[in-house]
Amino acid sequence: MDKNALGRLLRDARQRSLLTLDGLAEASGVSVRAISDIERGKSVPRQATLRELMDALELDESERRHLAQASVRRTERIPRQLPPDLAAFRGREEALAAAHSITSQIDVPGAHVVIGAVGGMAGVGKTTLAVHWAHQVADGFPDGQLYVNLRGFEASGRPMDPAEALGRFLSALGVPSAEMPNTMEARSALFREQSSSRKLIVVLDNARDAEQVRPLLPASAGCLTIITSRNQLSGLVATEGASRISLDVWSRSEALAALAARMGDERCRAEPEAASRLVELCGFLPLAVAVVGAQLRAAPGMALSLAVQELLETLPRLDALSGDDQQVDVRAVFSWSYQALTTEKARFFRLLAVHPGPAVSVEAAASLAAVEMPTARRHLRDLVSTSLLSRDADGRYVMHDLVRAYGAELLEREKDDRLGAETRLLDYLRHNAHTATLIMDTRPWEELADSPARGVVRVAIADRTEAMDWFHQEDAAAIATLHSTQHPQLLRHRVQLVHAWRSYLIVSGRWTEQESIQRIGLDASLVLDEPSSIARTSATLARALVLTGRLDQVDEQVDIMAGLLHRLDRQTRAHTEHNLAWVLHRQGRYSESVHHSRSALAIYRTLPEPNDVARALNDLGWRLAQIGDYREALACCEEALPIFQSNGNLCDEAATWDSIAYARQSMGDVSGAVVDYRKCLDILEEVFDPYNQADVLDHLATAQLLLGDGEQARASWMRAATLLQSLGSPLAAEMTTKAEAVGRPLREGA
């Protein structure tokens, strides 16, 4: 928000209405002093006050909109991503002292980038210490905290791609999806730039190795990076100067203090030998002690000596936490918590282990187990209370990788229907993604041929914001599910999920992730030998390769699509011809591109969907204009326009006006082009598409300059710059440069 801009707009509107300050005060009921403060940029009015002023000035809709936009308060985004601190945190005095010593390096003059690496075995409390450390020093880092679980050591064996983590960080720092770089290298460079002037805490949890971590390191000496890993990360210590904190299991006193904090000090004092034996049987491992403490708290009447006996008698041990001490049996601890569950909750827990993570929503959990939402919420709360689950910063439910491994063992032992659970998870993701896509994109879409399996939750999605929120919530789960679900009977479900996730990744500008999932979809489609799915996934993969700058890899996909044409039904062939035209144009093969555009249009004309015909006409028109055939280009676009107008397809109508304007301008009818550009802008403003508004304003300014109207061209470029600045786009600087290159008109008589 620019108070001065708001003041100027209000003063200009008052003067155009020929009102004095007193006159506007009398007409609006707002005091002279308040109006004066607003005009001088000293205050911002409440929206109700602003409406009174606009009503008194009898402003039109355009003027009201500009005033309203200027009055919106914009605040810098400060991420707060840390998971909750553990209330029962105990011990670790030596490690915390080392942590605070590392933090103190931040304020040393000439300090280098500060990195703390917390290492140790699984379940030793690395994440707990890192989060506690970050919370303790958070006040010293006013620009916020970033957190990500890099999934370096999880059952799936698929660590998070650094590009995905960087995408999350950049989004949290306010980088718009449209401006998100596609490559990991570009995202890393942008993250270093974004963090260079900030004081941030960056927590990189559960890292696989140094190579995964390096792209995620901020460049500013004012940032604190905390890394946890089972890997020693020696490379970071050697080359990046990371300070290492190695965690061992608790001491006996620390473990006893933690157990008492969880189940009550009175019980430990009443049975001190049994309490000591319990933590010994837990191997003094923080994860095991936490589970034991939570279970004993849930069973206040249970004697500690009985708990010791059950741990001694329960075998075998959990493989991932096995060690030289044969008395340590973490699987027994898990089984003890599991055995306390009701039959219904136990089944829910086992099926929840099918979810590949990293976090599960209530809706996904309910679908996995085919239970009602209230039941799922109740079960999830109970599993959190017994430490079989935890919550992340977004309120979703997290199952530790070792607990998930235990749940998977139980699933197999109890012969639960894993295939049924995986089917329901895929149905939940693909059917709700389809619904969300229909809301996000006004173009006609085919309905899914099947219905979701019984028990799958259908999410109520009312508008575009809710659609994007749902996609964001389930994005990591969908990608993990595509990677982990391998049953041959689910190949078609996986392909459909790839199709369903396509539009979201396009809108988000995440072409790197798009490439990854389209390769999965293409491989599955090839196994199924379904030509339409092969063509569709190959086309999107080709687009992703083009937009990530890998044109050298596109030929294979062009060959796949071209080789399939004779096997496709007419509609799919038309879509594929259309996609081939796009790719070939980007490769500079213009005559081939026009050929495929014409082929697509010819087929669409034989089919009943007018939107496809119109889209093909505009596509062909644009391609013809690029090679100088302006008259036919104009004819194609003018034929498409009334089709879009008749069915309310505003986005494609705007694109067509832009194509028409470009053709007119190229033919010398610059005045006509200006009129058409303005029609396009009116529609884009109606559908609130500021990025494309800025693009068309750039076109308009070029036309205005050709007409000799430098002042209007300058105004158009400045408006484009303002829109792009609101999106955080680096293209704003280019628009400003163009505006400044246009000389201001000399005053008359100068």
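No experiment lies behind these values; they were computed from the predicted model shown.

**Side note on the overall build of the protein chain**
For step 1, the next point in the chain: For the protein chain, the count of helices and strands is 36 helices and seven strands.
For step 2, the next point in the chain: Summarising the internal contacts of the protein chain: among those between residues at least 6 apart in sequence, 67% fall at separations of at least 24.

**Overview of the pairing of strand S2 (residues 145-149)**
For step 1, the next point in the chain: Of all five residues in S2, five are buried; the element is thus mostly enclosed.
For step 2, the next point in the chain: Burial along S2 is two-sided: the face carrying Gln145, Tyr147 and Asn149 and the face carrying Leu146 and Val148 are both buried.
For step 3, the next point in the chain: Relative to strand S3 (residues 201-207), S2 runs parallel, the two sharing five bridges. Considered in S3, the bridge of Asn149 is made with Asp205.

**Regarding the nonpolar core**
For step 1, the next point in the chain: Judged by nonpolar contacts, the single largest core of 55 residues is most densely connected at Phe348, Phe349, Leu352, Leu380, Leu383, Phe471 and Trp501.
For step 2, the next point in the chain: Those elements that provide at least two residues to this core are helix H18 (343-352), helix H19 (362-369), helix H20 (373-385), helix H21 (401-413), helix H22 (418-440), helix H23 (464-484), helix H24 (491-508) and helix H25 (511-528).
For step 3, the next point in the chain: A total of eight residues in this core trace back to one element, the largest contributor, which is H22.
For step 4, the next point in the chain: In this structure, Phe348 is in contact with Ala365, Ala369, Val371, Ala376, His379, Leu380 and Leu383, ignoring residues within four places of it in sequence.
For step 5, the next point in the chain: Counting 48 residues, the second-largest nonpolar core is a separate cluster that includes Leu82, Leu285, Ala288 and Val308.

**Regarding the pairing of S3**
For step 1, the next point in the chain: Counting buried residues in S3 gives seven out of seven residues, a clear majority hidden from the surface.
For step 2, the next point in the chain: The pairing of S3 with strand S4 (residues 224-229) spans five bridges and is parallel. Counted as the bridge partner of Val202 is Thr225 from S4.

**Structural notes on the sheet that holds S4**
For step 1, the next point in the chain: Spatially, S2-S3-S4-S1-S5 is the arrangement adopted by the five strands of the open sheet, whose pairing is parallel. The open sheet is flanked by S2 and strand S5 (243-246), the only strands paired with a single partner. Direction aside, neighbouring strands of the sheet carry axes that sit 15 degrees apart on average.
For step 2, the next point in the chain: In the packing of helix H8 (residues 162-172) onto the sheet, contacts are made with S2 and S3, and the angle to S2 comes to roughly 155 degrees.

**Thoughts on the packing of helix H2 (residues 21-28) against helix H4 (residues 47-57)**
For step 1, the next point in the chain: Axis separation between H2 and H4 bottoms out at 9 Å; the angle between their running directions is 110 degrees. One finds that H2 runs roughly perpendicular with respect to H4. When H2 is examined against H4, the residues Leu24, Ala27 and Ser28 are found in contact with a partner set consisting of Glu52, Leu53, Ala56 and Leu57.
For step 2, the next point in the chain: Its residues assigned to classes, the contact of H2 with H4 comprises five nonpolar, one polar and one charged.

**Here we look at unusual backbone geometry**
For step 1, the next point in the chain: Backbone geometry places Arg92, a non-glycine residue, at a positive phi of 65 degrees.
For step 2, the next point in the chain: Relative to the assigned elements, Arg92 resides in the loop between helix H5 (61-70) and helix H6 (93-104).
For step 3, the next point in the chain: In the Ramachandran plot, Lys415 falls in the positive-phi region, its phi being about 55 degrees despite a non-glycine side chain.
For step 4, the next point in the chain: Turning to its location among the elements, Lys415 is positioned in the loop between H21 and H22.

**Quick look at the side chain of Asp619**
For step 1, the next point in the chain: Its location among the elements puts Asp619 in helix H30 (residues 610-626).
For step 2, the next point in the chain: Accessibility expressed as a relative area gives 13% for Asp619, which makes it buried.
For step 3, the next point in the chain: Contacts of Asp619, omitting those with residues within four sequence positions, involve His578, Ala581 and Ser597.

**Thoughts on the packing of aromatic side chains**
For step 1, the next point in the chain: The full count for this structure, using the stated rule, is eight aromatic pairs.
For step 2, the next point in the chain: Centre to centre, the rings of Trp470 and Phe471 are 5.4 Å apart; their planes meet at 70 degrees, and the pair counts as edge-to-face.
For step 3, the next point in the chain: Ring centres 5.1 Å apart and planes at 50 degrees place the aromatic pair Trp622 and Tyr662 in the tilted group. With Trp622 in helix H30 and Tyr662 in helix H32 (residues 650-667), this pair connects stretches of sequence that are 40 residues apart.
For step 4, the next point in the chain: Residue class for Trp622 comes out partly exposed when judged on its relative accessible area of 28%.
For step 5, the next point in the chain: On the accessibility criterion, Tyr662 (28% relative accessible area) is partly exposed.
For step 6, the next point in the chain: One aromatic cluster in this structure is built from Tyr428, Trp470, Phe471, Trp501 and Tyr504.
For step 7, the next point in the chain: Sitting over the ring of Trp582, Arg543 keeps its end group 4.0 Å from the ring centre.

**Examining the pattern of salt bridges**
Should their charged atoms come close, side chains of opposite charge can pair.
For step 1, the next point in the chain: Taken as a whole, this structure holds 36 salt bridges when the rule is applied.
For step 2, the next point in the chain: The partner of Asp652 in a salt bridge is Arg615, with the nearest N and O atoms 3.1 Å apart. Within this pair, whereas Asp652 is found in helix H32, its partner Arg615 is found in helix H30, the two being separated by 37 residues in sequence. Pair check on accessibility: Asp652 and Arg615 agree, each one buried.

**Brief notes about helix H26 (residues 531-547)**
For step 1, the next point in the chain: Compared with an ideal rise of 1.5 Å per residue, which puts 17 residues at 24 Å, H26 spans 24 Å between its outermost C-alpha atoms and is within 8% of the ideal.
For step 2, the next point in the chain: With 14 of 17 residues buried, H26 lies mostly within the body of the structure.

**Structural notes on H23**
For step 1, the next point in the chain: When the terminal C-alpha atoms of H23 are compared, their 29 Å separation across 21 residues agrees well with the 30 Å that a helix rising 1.5 Å per residue should span.
For step 2, the next point in the chain: The axis of H23 is deflected most strongly, by about 50 degrees, at Glu474.
For step 3, the next point in the chain: Turning to H23, its buried residues number three or more, namely Ala467, Trp470, Phe471, Glu474, Asp475, Ala476, Ala477, Ala478, Ile479, Ala480, Thr481 and Leu482.

**Thoughts on the confidence of the model for the protein chain**
For step 1, the next point in the chain: Across the protein chain, the average pLDDT comes to 85, with 90% of residues at 70 or higher.
For step 2, the next point in the chain: Confidence, read as mean pLDDT per element, is least for helix H17 (residues 330-339) in the protein chain (63) and greatest for H19 (95).
For step 3, the next point in the chain: Segment residues 315-329 is flagged for pLDDT under 50; beyond a separation of four residues in sequence, or across chains, it makes 33 contacts in the model.
For step 4, the next point in the chain: In the predicted structure, residues 745-750 sits below a pLDDT of 50 and forms one contact with residues beyond four places in sequence or in another chain.

**Some points on the packing of helix H28 (residues 570-586) against H30**
How two helices sit against one another is set out by the angle between their axes and by the gap between those axes.
For step 1, the next point in the chain: It is at 12 Å that the axes of H28 and H30 come closest, and there the two elements cross at 25 degrees. Considered as vectors, H28 and H30 are oriented roughly parallel to each other. H30 is crossed by H28, and the crossing has left-handed handedness. In contact with Gln571, His575, His578, Ala581, Trp582 and His585 of H28, H30 contributes Asp612, Asp619, Arg623 and Gln626.

**Some points on the side chain of His431**
For step 1, the next point in the chain: Of note, His431 is situated in helix H22.
For step 2, the next point in the chain: The class for His431 is buried, based on a relative accessible area of 4%.

Cut-offs and rules
Residues numbered from 1 in each chain as written. Predicted model: local features only at pLDDT ≥ 70, side-chain atom pairs only at ≥ 80, totals over all residues. Heavy atoms only, no water. Helix = DSSP H or I, 4+ residues; strand = E, 2+ residues; numbered from the N terminus. Contact = heavy atoms within 4.5 Å. Buried < 20%, exposed > 50% of the residue type's maximum accessible area, 1.4 Å probe, protein only. Pairing = 2+ DSSP bridges. Core = buried A, V, L, I, M, F, W, Y, C linked by side-chain atoms within 4.5 Å. Axes fitted to C-alpha atoms, helices over the stretch in contact; angles between N-to-C directions. Parallel < 35°, antiparallel > 145°, perpendicular 65-115°, else oblique. Nonpolar A, V, L, I, M, F, W, Y, C, P; charged D, E, K, R; others polar. Phe/Tyr/Trp six-rings, centres within 6.5 Å; stacked < 30°, edge-to-face > 60°. Lys NZ or Arg CZ within 6 Å of the ring centre and 35° of its normal. Salt bridge = Lys/Arg side-chain N within 4 Å of Asp/Glu carboxyl O. Expected span 1.5 Å × (residues − 1). Bend = angle between axes of the 7 residues up to and from the residue. pLDDT = per-residue confidence, 0-100. Left-handed = near helix turned anticlockwise from the far one by under 90°.

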